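Summary of the model geometry
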Amino acid sequence: MRAALAASLDACEAAFDRAFGQAGNPWRHLGSLAFLLVVVTTATGIVVYAVYDTSVGGAYRSVRAMSAGPPAGLALARSVHRYASDALVLTMIAHLAREWLRGHAAGFRWFSWLSGVPLVALVYASGIGGYWLPFDRLAQLSLTATTEWLDALPLFGEPLARNFVSPASVPDRLLSLLVFLHIGIPLALLAFIGVHLLRLTRPRSFPPATIAAATCAALVVLALMHPARALAEADFGSEPMTVAFDWPYLFIHALQYRTSPQLLWAAAGAAGLVLAVLPWIERTPHAPAACVDLANCNGCGRCFADCPYAAITLVARSDGRHLPRQAEVDPRRCASCGICAGACPSSTPFRSGSDLATGIDLPQAPIRALRASLDRALETLAPRPAIVVFGCASGVEVASVREPGTAPIELVCIAMLPPSFVEYALRAGADGVMVSGCREGDCAYRLGHEILRARLEGSREPRLRARVSRARVRTFWGARADARSLSAAVAAFRRDLAASPRAAGPSMPPKRREALDA
Amino acid sequence: MRIAAQAVLYAAFVAVIGYFSTSPAYVHLAPGEAVVKLSLSHAGERKEPCRTRSEAELAKLAPNMRSPTVCTRERVPVRIVVAIDGTTIFDVVAQPTGLAKDGASTVYRRLTVAAGRHRIRAELADAPGGRMTYSATTEVDLAPGRLLVIDFAPEAGGFVFRS
Ligand code: HEM
Ligand code: SF4
Ligand code: SF4
């Protein structure tokens, strides 16, 4: 079932790629989109609050006046506030579902997952609390339903719902309390989002500008075309019969009245529990963490800067060498992506010696093995123009492009590739190097594209040296299903390389050649 | 072309939001329905009657502790039975609140009923032994959407019906 869902998500994302391009595809930015919507709701909430009256009699009047005003004034702020909060629920649920389908509920991501779970409750508590403030028929229904729900657990001595059985029973200070909740819970939400992002380096908390602008524009258009209306005022002397209903948030009231408060507790508790223990149900095999080799670490901090999961810290030197710092890996946080190995200045294949050791490495896929497979591939690479294709384990399976003249080499993450390997391949006989990774924005380790692209452009250490001809290096971003496109891209690359053949042959540094020959 | 496709997808997204933010309307009560709420707070009598201390007992106590009666603090649970047109709709035993079970018993119950004329009978037992100590009967005509609240105020003579 999950595989089928994951496949339909892939197909859906692929369809969106055609409309949005890979990098601008909103499916790849659901977390940051959710955060943007939190920010939009907060900003519009502040505007609406400025004119809100917190007295029992004034609350309804102030909200009605807002909606009766000019459509581009406060009414717009109120409507955008509502629709952004609805969009937040949908986006958050899509984000949760997508992370689950991608297998991101478990393993080293357990913290991100687990810290996401309370966000669901906080978003719901914030949104439902918002529906109380207009103090209309819907607020009445929601307050009654919520208090009846809370009363189903033995939390409060006196049933809370007794406050809403008649106009006289409604406490005077009620709206001040409701406003306090509707400010306090969203603030808690913001704080918990901070926790949610704690284990990520440079969290993408804002979506690309095009997505942000288009989303805001779409919400404004919706708010102008379908403004939030004022309903009838709350009247606790009678029951609301039929109400315009915000389903994304309030469906739980409908569920409660169709079943029972106890059943709703059971359902919410079960859902919360399943989400919370999912990381332990879905145990994924833990690949060995990256290891630091002090003999080859000079404490430069490049690995620290590139690690997407904040698994590396720079600590005081422990081996007595006269260097200020050394890298240290927290194995519990490590994703085993190898991006750190790609960052380390010691990961250069030009170093002599058959045993290439680097400062930080993956025990299961060391840089040494990467050079060995590259050397082996280069030895027999023919006919020309010959291409080496480096690919990542999460994107297109690069073995699928193996043919005479094309040597595929797979890495855990494409950003594990030190740029010096590109130069090395070109100097040791390849006419072109193709670098293939996941679809843009879809890196299994979050930052792979951004890091690798910057290294190849020469704007981030370690850089691909300027003297390497950029015409001989190409990138390809694709998902598992894009094997055909990769083949086509390789074929096109070969045609272009054939059209501009290289003057000289391999230009391997003599030392390495000797080592190879021996 | 791509921009148009994006516009269509964004429009679809906000159209879904716009629609489900108000529609379909939620039918909380069907056209022929009304609601009865039983909502009261009342302290039952003490579980055991207060006992008068004998002279001998009083003499044993320190002078400032010589209160002539001893009372246990625990109260009896309050039972409320409500019948509508002869059918029992609520039969609730509410335990006293507080750790020492010395607080009031509170009840809140909600029930949807058919609108129209109804005969409501409410009874309450708040003394040891469970005998019904209060009872009241009323006739109400509940229009659709109306609310009948059954409350209890011993100082007003017992049950209070508000509709
Ligand atoms: C208000 C609600 C939420 C917001 C604003 C939010 C925001 C974010 C953001 C900004 C990221 C970082 C994306 C990146 O930089 O790669 C992220 C990652 C993540 N979120 Fe959420 N999130 C929310 C709710 C949830 C929920 C409910 C879950 C699941 C229970 C969840 C699970 C995850 C996971 C597993 C990651 C890690 C992705 C990775 O390691 O690649 N989030 N979230
Ligand atoms: S393997 Fe990846 S997650 Fe682990 S330390 Fe290196 S860069 Fe960080
Ligand atoms: S990149 Fe290499 S040399 Fe620099 S701190 Fe990390 S392990 Fe040490």
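Residues numbered from 1 in each chain as written. Chains lettered and ligands numbered in written order. Predicted model: local features only at pLDDT ≥ 70, side-chain atom pairs only at ≥ 80, totals over all residues. Heavy atoms only, no water.

Looking at the overall build of chain A
What chain A contains, in helices and strands, is 17 helices and 9 strands. Considering only C-alpha atoms, chain A reaches an extent of 95 × 55 × 40 Å along its principal axes. For chain A, buried positions account for 51% of its 518 residues. Within chain A, contacts between residues at least 6 apart in sequence are counted, and of these 73% link residues at least 24 apart. Of the charged side chains in chain A, 51 are positive and 39 negative; the average position of the first set lies 7 Å away from that of the second. (Helix = DSSP H or I, 4+ residues; strand = E, 2+ residues; numbered from the N terminus. Buried < 20%, exposed > 50% of the residue type's maximum accessible area, 1.4 Å probe, protein only. Contact = heavy atoms within 4.5 Å. Lys, Arg positive; Asp, Glu negative; His and termini not counted. Charge placed at Lys NZ, Arg CZ, Asp CG, Glu CD.)

Here's the deal with the sheet that holds strand 10 (residues 147-153) of chain B
Strand pairing in a sheet relies on backbone hydrogen bonds, with the paired strands running either antiparallel or parallel. All names here are of chain B. The strand order 7-2-10-11 describes an open sheet built from 4 strands, whose pairing is mixed. Of all the strands in the sheet, just strand 7 (105-114) and strand 11 (158-162) have a single pairing partner and so form its edges. Averaged over all pairs of adjacent strands, the angle between their axes in this sheet comes to 15°, without regard to strand direction. Judged from the 4 bridges that link them, strand 2 (residues 33-42) and strand 10 form a sheet pairing that is parallel. (Pairing = 2+ DSSP bridges. Axes fitted to C-alpha atoms, helices over the stretch in contact; angles between N-to-C directions.)

Describing the packing of helix 8 (residues 209-225) of chain A against helix 1 (residues 2-20) of chain B
One can describe the packing of helix 8 of chain A onto helix 1 of chain B by two numbers: an axis separation of 10 Å at closest approach and a directional angle of 45°. As far as their axial angle goes, helix 1 of chain B and helix 8 of chain A are oblique. Note on packing geometry: the crossing formed by helix 8 of chain A with helix 1 of chain B is right-handed. Where helix 8 of chain A abuts helix 1 of chain B, its residues Thr210, Ile211, Ala214, Thr215, Ala218, Leu219 and Leu222 of chain A lie against Tyr10, Val14, Ile17 and Gly18 of chain B. Split by residue class, the contact of helix 8 of chain A with helix 1 of chain B holds 8 nonpolar, 3 polar and no charged. (Parallel < 35°, antiparallel > 145°, perpendicular 65-115°, else oblique. Left-handed = near helix turned anticlockwise from the far one by under 90°. Nonpolar A, V, L, I, M, F, W, Y, C, P; charged D, E, K, R; others polar.)

Quick notes on the domain arrangement of chain A
All names here are of chain A. Entries for chain A in the domain assignment read domain 1 (2-281) and domain 2 (291-515). Tallying the contact residues gives 16 residues for domain 1 and 21 residues for domain 2. Our count for the domain 1 to domain 2 interface comes out at 5 salt bridges. The residue arginine 202 makes a salt bridge to glutamate 450 at a minimum N-O spacing of 3.4 Å. (Domains from an automatic or database assignment. Salt bridge = Lys/Arg side-chain N within 4 Å of Asp/Glu carboxyl O.)

Points about a nonpolar patch on the surface
All names here are of chain A. On the surface, a nonpolar cluster with roughly 360 Å² of combined accessible area is contributed by Tyr49, Ile183, Leu187 and Leu190. Considering every element that reaches the nonpolar patch, the biggest residue donor is helix 7 (residues 174-196), with 3 residues. With respect to the helices, strands and loops of the structure, isoleucine 183 is situated in helix 7. On the basis of relative accessible area, isoleucine 183 is assigned to the partly exposed category, the value being 39%. (Patch = residues over 30% accessible without salt bridge, like charges linked within 9 Å, V, L, I, M, F, W, Y side chains within 5 Å. Areas by Shrake-Rupley, 256 points an atom, 1.4 Å probe, with all protein chains shown as cover.)

Some thoughts on the nonpolar core
Residues and elements named next belong to chain A. Among the nonpolar cores identified, the biggest contains 66 residues, and Phe135, Leu143 and Tyr249 are the most heavily contacted of them. The element contributing the most residues to this core is helix 4 (residues 74-101), with 9 residues. Residues in contact with tyrosine 249, not counting those within four places in the same chain, are Ser85, Asp86, Val89, Val123, Tyr124, Gly127, Ile128 and Tyr131. Counting residues in each nonpolar core, the second largest holds 63 residues, with Val329, Ile360, Val422 and Val435 among its members. (Core = buried A, V, L, I, M, F, W, Y, C linked by side-chain atoms within 4.5 Å.)

Regarding the pairing of strand 10 of chain B
All names here are of chain B. Taken across its 7 residues, strand 10 has 7 buried, putting it largely inside the fold. Side-chain alternation along strand 10 places Leu147, Val149, Asp151 and Ala153 on one buried face and Leu148, Ile150 and Phe152 on a second face that is also buried. Note that strand 10 and strand 11 share 5 bridges and pair antiparallel. Its bridge partner lying in strand 11, valine 149 is registered against arginine 162. Between strand 10 and strand 11, which pair antiparallel in sequence order, lie 4 residues; one of them, glycine 157, sits at a positive phi of approximately 95°.

Here we look at the sheet that holds strand 9 (residues 134-142) of chain B
Residue and element names in this part refer to chain B. A sheet is described by the order of its strands in space; here 4 strands give the open sequence 6-5-8-9, paired in antiparallel fashion. The outermost strands of the open sheet, each flanked by one partner alone, are strand 6 (87-94) and strand 9. Across this sheet, the average inter-strand angle for adjacent strands is 15°, counted without regard to direction. As paired elements, strand 5 (residues 78-84) and strand 8 (residues 116-125) share 6 bridges and run antiparallel to each other. By the bridge assignment for strand 8, valine 81 is matched with glutamate 123.

Notes on the interface of chain B and chain A
Taken together, the contact between chain B and chain A spans 39 residues of the former and 48 residues of the latter. Both sides together, the interface formed by chain B and chain A hides about 3600 Å², and carbon and sulfur atoms give 63% of it. Considering only the surface of chain B that becomes buried against chain A, Tyr10, Tyr26 and Tyr108 of chain B emerge as the three largest contributors, covering 22% of it. A salt bridge links arginine 110 of chain B to glutamate 239 of chain A; the nearest nitrogen and oxygen atoms lie 2.9 Å apart. Mapped by element, the contributors of at least two residues to the side of chain B that touches chain A are helix 1, strand 1 (26-27), strand 2, strand 7 and strand 10 of chain B. Looking at which element gives the most residues to the side of chain B that touches chain A, the answer is helix 1 of chain B, with 11 residues. (Buried area = accessible area lost by both parts, 1.4 Å probe.)

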